[in-house]
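Reading the structure
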Amino acid sequence: MTARTPRLSRLRRLTPGRGEDGVGRSGRSGRRRGATPKVVALGGGQGLSASLAALRRITGDLTAVVTVADDGGSSGRLREELGVLPPGDLRKALAALCGDDDWGQTWARVIQHRFQSEGDLHGHAVGNLLIVALWEQLGDPVQALDLVGKLLGAQGRVLPMSAVPLELQALVRGHDPARPEDVDTVRGQATVALTPGEVLSVQVVPSDPPAVPEAVAAVLDADWVVLGPGSWFSSVIPHLLVPELLDALMETKARRVLSLNLAPQPGETEGFSPQRHLEVLARHAPKLALDVVLADEAAVPDRESLADAAKRFGAAVELAPVARQDGSPKHDPELLAAAYDRIFRMHGRIGPWR
């Protein structure tokens with residue numbers, strides 16, 4: 001137990017549907033047999049979007065907790081000029097939660113639209129400007145994101161993982177190709193993601209950032225927490241560097257599934273095997289336990305080594321075809337949804353949900 005545990009206890013008492021001990025009065029989390037599972041997905045960027053596009057197909061109770069360390073592109077410009085949270089990954093998550101009807105798909109395209117011009121608007125996404133405008137109007141990032149979600153008809157909720165914008169710092173060996181054995185501190189998510197060197201570890205600044213209370217409460221009240229896929233050092237691991245959020249991940253009664261990437265990411269995880277992704281995760285959160293590690297069956301050349309790495313987390317490995325059939329390293333929403341649904345049914349404590 002850590003010094004932050006009392007704050008987590010208070011959050012449990014404030015979570016809807018729970019008694020003072022954090023457990024619902026009519027059973028775990030107050031849910032009846034047959035209810036939809038409460039799922040929280042953690043990550044950022046395209047990886048989180050892929051996970052959300054799958055998860056919204058199998059649950060009506062979905063919350064995305066999104067990294068806020070982006071400092072590139074439109075998000076970086078708005079962050080630098082206005083001092084706000086970077087809105088880009090939050091926007092992508094909202095777009096992924098839009099429905100497949102005309103309304104949802106129209107709004108998904110609108111908020112993802114980027115202006116093309118010779119002026120200051122060039123490269124800005126409509127959704128970024130909308131989110132920041134509502135932040136300034138309402139003065140509450142969570143309330144503003146809830147309002148955008150309502151406008152879009154989003155099938156779930158989007159929350160930032162921290163209440164303040166974070167700077168990502170990494171120790172990188174060979175960041176300067178002229179000094180391949182030297183270890184340098186590299187600053188900024190955009191720079192870390194594209195480094196030609198080997199990322200050894202990452203941290204966030206400030207080192208003890210405040211978690212968004214609603215994000216912590218969602219993790220504590222979940223049936224399932226899904227971490228990944230996504231950029232390993234810049235989208236997945238940062239969630240484990242927010243102390244209150246990590247405490248919640250370790251204390252929650254939810255089952256935890258780690259969804260691995262389909263291929264190493266150029267720069268950030270170049271040459272990584274599936275098991276090395278787990279080894280890196282363990283170095284940053286050695287006390288974290290997992291229940292299931294999900295991987296694409298075609299992306300795991302050494303199943304025994306992956307199983308051994310998963311055992312260190314107390315996790316079982318589930319292999320499934322989750323990649324698109326066009327050969328691109330992208331998840332297929334329907335196949336990924338089927339894999340999550342099977343995992344929830346096979347490994348869940350309550351259910352079936354449908």
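Note that the structure is a prediction, hence the values are computed from the model and not measured.

1. Considering helix α7 (residues 141-152)
- Relative to the 16 Å expected for twelve residues at 1.5 Å per residue, α7 spans 17 Å between its end C-alpha atoms, a close match to the ideal helical length.
- Residues of α7 that are buried include every one of Val142, Ala144, Leu145, Val148, Gly149 and Leu152, and no others. Buried residues in α7, looked at end-on, bunch into an arc of 160°, giving them a common side.
- Here the buried face of α7 lies against α4 (88-96), α5 (102-112), α6 (126-138), β3 (157-160) and α9 (213-220).
- Among the residues of α7, the N-terminal cap falls to Asp140, whose side-chain oxygen and the backbone nitrogen of Val142 are separated by 3.0 Å.
- Looking at the residues trailing α7, positive phi occurs at Gly153, about 70°.

2. A look at the pairing of strand β4 (residues 167-173)
- One ladder, built from seven bridges, connects β4 with strand β6 (residues 198-205); its direction is antiparallel. From the neighbouring strand, Arg173 faces β6, where its bridge partner is Glu198.

3. What about the packing of helix α12 (residues 274-284) against helix α13 (residues 303-311)?
- At a minimum axis separation of 8 Å, α12 and α13 run at an interaxial angle of 15°. Looking at the two axes, α12 sits roughly parallel to α13. In this structure, the crossing between α12 and α13 has a hand that is left-handed. Listed contacts from α13 to Pro274, Gln275 and Leu278 of α12 are Ser305, Leu306, Ala309 and Ala310.
- Per-class residue counts for the contact of α12 with α13 are five nonpolar, two polar and no charged.

4. Comments concerning the pattern of salt bridges
- Under the definition given, this model contains 15 salt bridges.
- A salt bridge links Arg179 to Asp176; the shortest N-O distance between them is 3.4 Å.
- Using a relative accessible area of 32% as the deciding quantity, one classes Arg179 as partly exposed.
- Residue classification places Asp176 among the partly exposed residues on the basis of a relative accessible area of 29%.
- Salt-bridge contacts for Asp182 lead to Arg179; the nearest nitrogen and oxygen are separated by 2.8 Å.
- Through salt bridges with shared partners, a single network forms among Arg56, Arg57, Asp100 and Glu334.

5. What about the layout of surface pockets?
- The computed volume of the largest pocket comes to approximately 1,100 Å³.
- For the largest pocket, the lining is made up of 42 residues, of which Gly44, Gly45, Gln46, Gly47 and Lys92 are closest to its centre.
- Broken down by secondary-structure element, the contributors of at least two residues to the lining of the largest pocket are α2 (45-55), α4, α5, α8 (189-193) and α10 (232-236).
- Top element by residues in the lining of the largest pocket is α2. It accounts for six residues.
- Here the lining of the largest pocket is composed, by residue class, of 16 nonpolar, 17 polar and nine charged.

6. Let's talk about unusual backbone geometry
- With an omega dihedral of 0°, the bond running from Val205 to Pro206 counts as a cis peptide bond.
- Its place among the elements puts Pro206 in the loop between β6 and α9.
- In the segment running from Gly228 into Pro229, the intervening peptide bond is cis, with an omega of -5°.
- Looking at where Pro229 falls in the secondary structure, it is placed in the loop between β7 (224-227) and α10.

7. Details of the packing of α6 against α7
- At their nearest, the axes of α6 and α7 sit 8 Å apart, and the two run at 130° to each other. One way to sum up the angle between α6 and α7 is to call them oblique. At the point where α6 passes α7, the crossing takes the right-handed sense. For the pair formed by α6 and α7, the contact residues are Leu130, Ile131, Leu134, Trp135 and Leu138 on the first element and Pro141, Gln143, Ala144, Leu145, Leu147, Val148 and Leu151 on the second.
- Among the residues forming the contact of α6 with α7, the class breakdown is eleven nonpolar, one polar and no charged.

8. Brief notes about the side chain of Ser74
- In this fold, Ser74 is placed in helix α3 (residues 73-82).
- Look past the residues within four positions of Ser74 in its chain and what remains in contact with it is Arg114, Gly123, His124, Ala125 and Asn128.

Reading the values: rules and limits
Residues numbered from 1 in each chain as written. Predicted model: local features only at pLDDT ≥ 70, side-chain atom pairs only at ≥ 80, totals over all residues. Heavy atoms only, no water. Helix = DSSP H or I, 4+ residues; strand = E, 2+ residues; numbered from the N terminus. Expected span 1.5 Å × (residues − 1). Buried < 20%, exposed > 50% of the residue type's maximum accessible area, 1.4 Å probe, protein only. Arc of directions from axis to C-beta. Contact = heavy atoms within 4.5 Å. Polar contact = N/O pair within 3.5 Å; in protein donor to acceptor, adjacent residues only side chain to side chain. Pairing = 2+ DSSP bridges. Axes fitted to C-alpha atoms, helices over the stretch in contact; angles between N-to-C directions. Parallel < 35°, antiparallel > 145°, perpendicular 65-115°, else oblique. Left-handed = near helix turned anticlockwise from the far one by under 90°. Nonpolar A, V, L, I, M, F, W, Y, C, P; charged D, E, K, R; others polar. Salt bridge = Lys/Arg side-chain N within 4 Å of Asp/Glu carboxyl O. 1 Å grid on protein atoms, 1.4 Å probe; cavity = no way out; pocket = protein on both sides within 12 Å on 5 of 7 lines; lining within 4 Å. Points joined across faces, edges and corners; volume = space filled by probe spheres on them.

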